[in-house]
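Chain by chain, the residues:
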Amino acid sequence: MVRDTGSPRADAENDFLRARRHQTLSQLAGWLRADTESAKESLSFSEVVKALGRRGEHSLGIQVIPLDRIVGSVDKVRDFDRRFRPTTDKSRQRWEQIARKTREGHYFPPIDVYKLGNLYFVRDGHHRVSVARSLGTLEIEATVTEIETVIDTEGIGGRRDLDGKNWGLRFLKRVPLTGHRRAEINCTSPDDYHRLAEMVEAWACRLMHAERAYFDEETMARRWFDEEYTPVVQMIDDAGVRGPLETGADAYIRVAGERYRLIREHAWNTEVMEKIREQQQRARRRSTPGGAVRA
């Protein structure tokens, strides 16, 4: 709870001590839960951009942005945690000075941030962000530069999520899908992206051999999506063999592997789907007591 004793200096000192105490308790709680990720410093802008791939940037001017969307820093990731609480006492004097001026109604210029998707990373104004969050402020004025990335920021909650994003970026470098085709491909397991890329490249190799022609990566990606992926996923759904938590890409990878083990060919037809459906039913019977198929 933010207290107001009437002494801005004393209240600023209490603000800093409260913020440090909450940061320490959060770190301890993370260790007790064996969740070291939650207790770590803010996200690194350079690490996130590297994982997502940079396409360009443009200025959005001065905007009012939500403080809870500020998740990282350009150059001070070790000085603040995920909620921008100070992780050490080394900047205490500056932090308290800003807190005192904030309580006295002092005006501060806009902070400077990069925007990636719906996430923001501080270039200048770290202490102002930290103080504002500590005092319960919800928004802050900022000069915003938007960074355009190859992969979106959806689902990024910490560093552990960057690996999956980077595998998705690597997939798109090998299979350069665009627009709605790109948006459709999502693998639950990051490791599956390279498996899928290899499957696409193998499919394209067989197609070029059959057509006695060569086509570039963009054409390969588009034709694979339109002529192979889309109709196959539709067949999978029609046959009812997609798992309840599987994305289209998950189901394509799994079913393609099962198909080759069953028939040793690359053909797709209703007979193949029926064999896969029967195999899944037998597997469910074996895993159900008494051999009954679960509803």
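Please read these numbers as outputs of a predicted model, since none were measured by experiment.

Rules behind the numbers
- Residues numbered from 1 in each chain as written.
- Predicted model: local features only at pLDDT ≥ 70, side-chain atom pairs only at ≥ 80, totals over all residues.
- Heavy atoms only, no water.
- Patch = residues over 30% accessible without salt bridge, like charges linked within 9 Å, V, L, I, M, F, W, Y side chains within 5 Å.
- Areas by Shrake-Rupley, 256 points an atom, 1.4 Å probe, with all protein chains shown as cover.
- Salt bridge = Lys/Arg side-chain N within 4 Å of Asp/Glu carboxyl O.
- Lys, Arg positive; Asp, Glu negative; His and termini not counted.
- Charge placed at Lys NZ, Arg CZ, Asp CG, Glu CD.
- Helix = DSSP H or I, 4+ residues; strand = E, 2+ residues; numbered from the N terminus.
- Contact = heavy atoms within 4.5 Å.
- Phe/Tyr/Trp six-rings, centres within 6.5 Å; stacked < 30°, edge-to-face > 60°.
- Buried < 20%, exposed > 50% of the residue type's maximum accessible area, 1.4 Å probe, protein only.
- Lys NZ or Arg CZ within 6 Å of the ring centre and 35° of its normal.
- Pairing = 2+ DSSP bridges.

K.L.:
Explain a positive patch on the surface to me, please; I cannot follow it from the model alone.
P.N.:
Taken together, the side chains of Lys 275, Arg 282, Arg 284, Arg 285 and Arg 286 define a basic patch exposed on the protein surface. Position of Lys 275 relative to the elements: it lies in helix 10 (residues 270–287).

K.L.:
What's the story with the environment of Ala 249 in this structure? I'm lost.
P.N.:
Its location among the elements puts Ala 249 in helix 9 (residues 248–263). Once you skip the residues sitting within four places of it in the chain, Ala 249 turns out to touch Ile 185, Asn 186, Cys 187, Leu 196 and Tyr 229.

K.L.:
Please clarify how the packing of aromatic side chains should be interpreted in this entry.
P.N.:
The geometry of an aromatic ring pair is captured by the separation of the ring centres together with the interplanar angle, meaning the angle of the planes. Here the structure, examined in full by the defined rule, presents nine aromatic pairs. Plain terms: the ring middles of Trp 224 and Tyr 252 are 5.7 Å apart, the flat faces sit at 85 degrees to each other, and that makes the pair edge-to-face. Taken together, the residues Trp 224 in helix 8 (residues 217–239) and Tyr 252 in helix 9 connect sequence positions 28 residues apart. In this structure Trp 224 comes out as buried when scored by relative accessible area, which is 0%. With relative accessibility at 2%, the residue Tyr 252 sits in the buried group. The ring centre of Trp 167 lies 5.8 Å from the NZ or CZ of Arg 170, which sits over that ring. Against the face of Phe 215 rests Arg 223, its NZ or CZ located 5.5 Å from the ring centre.

K.L.:
Just to check I follow, could you spell out the pairing of strand 5 (residues 119–124) for this structure?
P.N.:
For strand 3 (residues 70–73) and strand 5, the ladder comprises three bridges, and the chain directions are parallel. Counted as the bridge partner of Ile 70 is Tyr 120 from strand 5. In terms of strand pairing, strand 4 (residues 111–116) meets strand 5 through five bridges, oriented antiparallel. Bridge pairing links Asp 112 to Asp 124 in strand 5. Hairpin connection, strand 4 to strand 5: the antiparallel pair is bridged by two residues, and Gly 117 has positive phi, about 60 degrees.

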